[in-house]
Amino acid sequence: MKINIKELSNKYLNTEGAVVVFAFNVEDGYTFQKPALLFDEKTSGALSNAANSSEFKGKFGQIVELLAPNGVAASRIILIGLGEMDALNSLTSEQVGGKVINKLMYSGEKSITIVDGVIAAHAAFGIRLRSYKFDKYYTTEKNSKKSSIATVTFLTVGADVSNRAFSDLDKIADGVIMARDLVSEPGNILYPESYAEQIKELKNLGIEIEILNEDAMEELGMESILGVGQGSSSETLIVIMKWMGSKNKKLQPLALVGKGVTFDTGGISLKPVPGMGDMKFDMGGSAAVVGAMKAIAGRKAKANVIGIVGLVENMPSGTAQRPGDVVSSMSGQTIEVLNTDAEGRLVLADCLWYCQEKYNPKFMIDLATLTGAIMVALGQEYAGIFSNDDELCEQLIAAGKTVDEPVWRMPIGEAYDKQIDSDIADMKNIGGKYAGSITAAQFLQRFVNGVPWVHIDIAGTAWKQNTSSIAEKGATGYGVRLLDQLIRDNYED
Ligand code: BES
Ligand code: ZN
Ligand code: ZN
């Protein structure tokens, strides 16, 4: 599908294919925007007749469809309500884009012309996000129903400004889509080695890639992450991505760290059968980091950013780690592994320590599908954030609002921290019965060595049960836009 943004002219009145026009909601009903008005005149009032007889009030998301209207070349006119005029913004424009493509994807139309009314760049972004579907494994015609739309053309005032805005958003969409693809892949296709191969392709964008294999990790004393992969026949890998986009190559980098458990069976502390298949998404944190790196490099962000992902499969086997095992870590701290299903923190522990020691970052943000408990607390709406840095939290909360990937700050502190003290080692990898997401964060904090840090628990937001106006149900790509926006707002030259 090709998306164009062109300067507005009256040519649209003779356009073929589907044409989209808009109306706002006002006190006593709707008010057409000029293109809608012109179409209404050309069709001898058919558009307003259709609006009036379908209780159209111009409310946000309301749709009226006029098929094969007389008097115009268009095969259909779609009238969309934008709600109240001053409520229109980049997010609502994205949603409108999503609604348009959702309405027309399988309509048989080949082209859509969207005439003014919304912020074109964001509506185009919404179209890219909403039209994504992970359908590569369908083989029958019924299942592999493909969108018929070949081109979408926006006609808008100031097309050059919109085109510039869209060229960045287009790159961000590439990142979101890569993250969704990675999260959607099943564990037999995406395992540490195949995952690392996919990440290597980011070299094309100017990202430097370095890979630590098990030998290298052993050398570094990373017993914590190695213990998680011990039962798997796949090799555990840490992949490091470097984007040095700042003019000042000596500027402290920003660090993004992701949990990449390509499948989480729970290990010897085996998970129950129902829902275990969902655990292919347990690399969602790493996918957000990879997607964000792709977005950042794609739009040539003027910032130095390091992405580090720990890729490992958590399997039960004769070589698997046992509950009760004690392992060391790169930091030298020892861990009593009382539950092999609390493996994400073991992966991140070595990644975080390595990151701060090797790169002296300005801050570290880790993302992980870390705990079921965060879904109990926040559902699928907010990701939980845990941090030792108020300013960074404020910046993330603001970025989350801008891109509608919201985060909610959770508490951490001494009283929670002592719940992970162990009788026989420096710490254990589980806390008590309560506050499971917080004790997990306390565990991570023991490996950040005082560096400004935020942990984002995305267990609830990485995968959605329901389709929204900008995403088909399934992998959301949550985190890509959030990280990109944080950097764009605060950390570029
Ligand atoms: N990957 C899971 C967390 C998870 C669970 C994400 C359900 C999404 C849905 C993680 O590795 C895990 O199993 N955590 C345990 C921790 C517990 C053993 C302390 C959990 O949340 O139950
Ligand atoms: Zn687990
Ligand atoms: Zn896990």
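Predicted model only: the values in this text are computed from it and were never measured. (Residues numbered from 1 in each chain as written. Chains lettered and ligands numbered in written order. Predicted model: local features only at pLDDT ≥ 70, side-chain atom pairs only at ≥ 80, totals over all residues. Heavy atoms only, no water.)

**Quick notes on the site of ligand 1**
Definition in use: For this purpose, a residue is taken to be near a molecule or strand whenever a single non-hydrogen atom of the residue falls within 4 Å of it. As used in this structure description, the phrase polar contact means that two N or O atoms lie within 3.5 Å; if the pair is within protein, one of them must be able to donate a hydrogen and the other to accept it, and residues adjacent in sequence are counted only when both atoms belong to side chains. Here, Shrake-Rupley sampling with a 1.4 Å probe gives the accessible areas, and only protein chains in the shown set may cover a residue. When residue character is reported, Ala, Val, Leu, Ile, Met, Phe, Trp, Tyr, Cys and Pro are called nonpolar, Asp, Glu, Lys and Arg charged, and the others, Gly included, polar.
Taken together, 17 residues surround ligand 1, and among them Lys271, Asp282, Asp341, Glu343 and Gly372 come closest. The contact in question runs from a nitrogen atom of ligand 1 to an N or O atom on the backbone of leucine 370, over 3.5 Å. Protein chains bury 77% of the 510 Å² of accessible surface belonging to ligand 1 in isolation. A class-by-class count of the residues in the shell around ligand 1 yields six nonpolar, four polar and seven charged.

**Comments concerning the coordination of the zinc ion (ligand 2)**
For clarity, the cut-off: Each metal site lists N, O and S donors within 2.8 Å (3.2 Å for Na, K and Ca). With water left out of the atoms, a site can look as if it is missing ligands. Only two sets of limits are used to name each site, 85 to 135 degrees for every angle of a tetrahedral four-donor site, and over 155 degrees for opposite donors with all other angles from 65 to 115 for a square planar four-donor or octahedral six-donor site, with any other site named irregular. Comment: elements are numbered from the N terminus, with helices defined as DSSP H or I runs of at least four residues and strands as E runs of at least two. Throughout this description, buried means an accessible area under 20% of the type-specific maximum (1.4 Å probe, protein chains only), exposed means over 50%, and partly exposed covers the range between.
Protein coordination of the zinc ion (ligand 2) is provided by Asp264 (OD), Asp341 (O), Asp341 (OD) and Glu343 (OE), with donor distances spanning 2.0 to 2.2 Å. Between the six donor atoms coordinating the zinc ion (ligand 2), the angles at the centre fall across 72 to 167 degrees, so the site counts as irregular. Mapping the donors of the zinc ion (ligand 2) onto the primary sequence yields the spacing D-x76-D-x1-E. Separating the zinc ion (ligand 2) from the zinc ion (ligand 3) is a distance of 3.2 Å, and aspartate 264 supplies a donor atom to each of them. Of this pair, aspartate 264 sits in strand E10 (residues 254-264) while glutamate 343 sits in the loop between strand E13 (335-337) and helix H10 (344-359), placing them 79 residues apart in sequence. Taking the relative accessible area as the measure of exposure, glutamate 343 reaches 0% and is therefore buried.

**Observations concerning the packing of helix H12 (residues 390-403) against helix H15 (residues 480-490)**
Note the threshold: Angles here are taken between N-to-C directions and fall from 0 to 180 degrees, while the axes themselves are lines fitted to C-alpha atoms, restricted in helices to the stretch in contact. Two helices cross in a left-handed way if the nearer one is turned anticlockwise from the farther one by less than a right angle. They cross in a right-handed way if the turn is clockwise. By definition, residues are in contact when any of their heavy atoms lie within 4.5 Å.
Look at H12 against H15: their axes get within 8 Å of each other, and the N-to-C directions meet at 115 degrees. Remark: the crossing between H12 and H15 carries right-handed chirality. Residue-level inspection shows Gln395, Leu396, Ala399, Gly400, Thr402 and Val403 of H12 in contact with H15, the latter providing Arg481, Leu482, Gln485, Leu486, Asp489 and Asn490. When grouped by side-chain class, the residues that make up the contact of H12 with H15 number five nonpolar, five polar and two charged.

**Observations concerning the sheet that holds strand E12 (residues 325-327)**
Convention followed: Being paired, for any two strands, means DSSP has found at least two bridges between them.
Taken in spatial order, the three strands line up as E12-E13-E17 in an open sheet, and their pairing is mixed. This sheet does not close on itself; its edge strands, each paired only once, are E12 and strand E17 (427-428).

**What about the coordination of the zinc ion (ligand 3)?**
Every protein donor of the zinc ion (ligand 3) is accounted for by Lys259 (NZ), Asp264 (OD), Asp282 (OD) and Glu343 (OE), and the metal-donor separations fall at 1.9 to 2.5 Å. One can describe the site at the zinc ion (ligand 3) as octahedral: its six donor atoms subtend angles covering 77 to 175 degrees at the metal. Sequence spacing among the residues donating to the zinc ion (ligand 3) works out to K-x4-D-x17-D-x60-E.

**Examining the domain arrangement of the chain**
Filter applied, for reference: An automatic or database domain assignment supplies the start and end points of every domain. Defined here as a combined quantity, buried area equals the accessible surface (1.4 Å probe) lost by two parts on assembly, summed across both. Each salt bridge in this description consists of a side-chain nitrogen of Lys or Arg and a carboxyl oxygen of Asp or Glu lying within 4 Å of one another.
Considered domain by domain, the chain is made up of domain 1 (2-157) and domain 2 (170-490). Between the C-alpha centres of domain 1 and domain 2 there is a distance of 39 Å. Listed by partner, the interface residues are 15 residues for domain 1 and 23 residues for domain 2. Three residues, Arg128, Leu129 and Tyr132, lead the burial of domain 1 against domain 2; their summed loss comes to 40% of the area buried on that side. Along the contact surface separating domain 1 from domain 2 lie five salt bridges.

**Quick notes on the nonpolar core**
Using the following cut-off: Throughout, nonpolar core names a set of buried Ala, Val, Leu, Ile, Met, Phe, Trp, Tyr and Cys residues whose side chains join them through atoms within 4.5 Å.
Core analysis: the biggest nonpolar cluster contains 92 residues, and Phe154, Ile199, Met241, Ile365 and Ile456 have the highest contact counts within it. Of all the elements, helix H5 (residues 159-184) adds the most residues to this core, at ten residues. Per-domain counts for this core show at least three residues from each of domain 1 (2-157) and domain 2 (170-490). Grouped together as the second largest cluster of nonpolar side chains are 40 residues, Met222, Val347, Cys351 and Trp453 included.

**Considerations on the packing of aromatic side chains**
Just so we agree on the cut-off: Only rings of Phe, Tyr and Trp enter the pairing, Trp through its six-membered ring, and a pair is recorded when the two centres are within 6.5 Å. The plane angle decides the type: under 30 degrees is stacked, over 60 is edge-to-face, the rest tilted.
Summed over the entire model, instances satisfying the criterion amount to eight aromatic pairs. Where tyrosine 12 meets phenylalanine 39, the ring centres are 5.8 Å apart and the plane angle is 40 degrees; that geometry is what we call tilted. Of this pair, tyrosine 12 sits in the loop between strand E1 (2-7) and strand E2 (18-26) while phenylalanine 39 sits in helix H1 (residues 34-42), and the two are 27 residues apart along the sequence. Among the aromatic residues, ring-to-ring pairing joins Tyr30, Phe32 and Phe56 into one connected group.

**Examining helix H3 (residues 90-104)**
Stated formally: The span expected for a helix works out to 1.5 Å for each residue beyond the first.
When the terminal C-alpha atoms of H3 are compared, their 21 Å separation across 15 residues agrees well with the 21 Å that a helix rising 1.5 Å per residue should span. Among the residues making up H3, those that are buried are Leu91, Thr92, Ser93, Glu94, Val96, Gly97, Gly98, Val100, Ile101 and Leu104. Lining the buried residues of H3 we find E2, strand E5 (76-81), strand E6 (111-115), helix H4 (120-130), H12 and H15. The N-terminus of H3 is capped by asparagine 89, whose side-chain oxygen sits 2.9 Å from the backbone nitrogen of leucine 91.

**Things to note about the sheet that holds E10**
Strands sit in the order E8-E9-E11-E10-E14-E18-E15-E16 across an open sheet of eight strands; the sheet is mixed. Lying at the two open borders of the sheet, with one neighbouring strand each, are strand E8 (208-212) and strand E16 (407-409). Here the strands of the sheet are splayed against their neighbours by 20 degrees on average, with no regard to which way each runs. Note: strand E14 (residues 363-368) against strand E18 (residues 453-457), five bridges, orientation parallel. Following the sheet pairing, aspartate 366 is matched in E18 by histidine 455.

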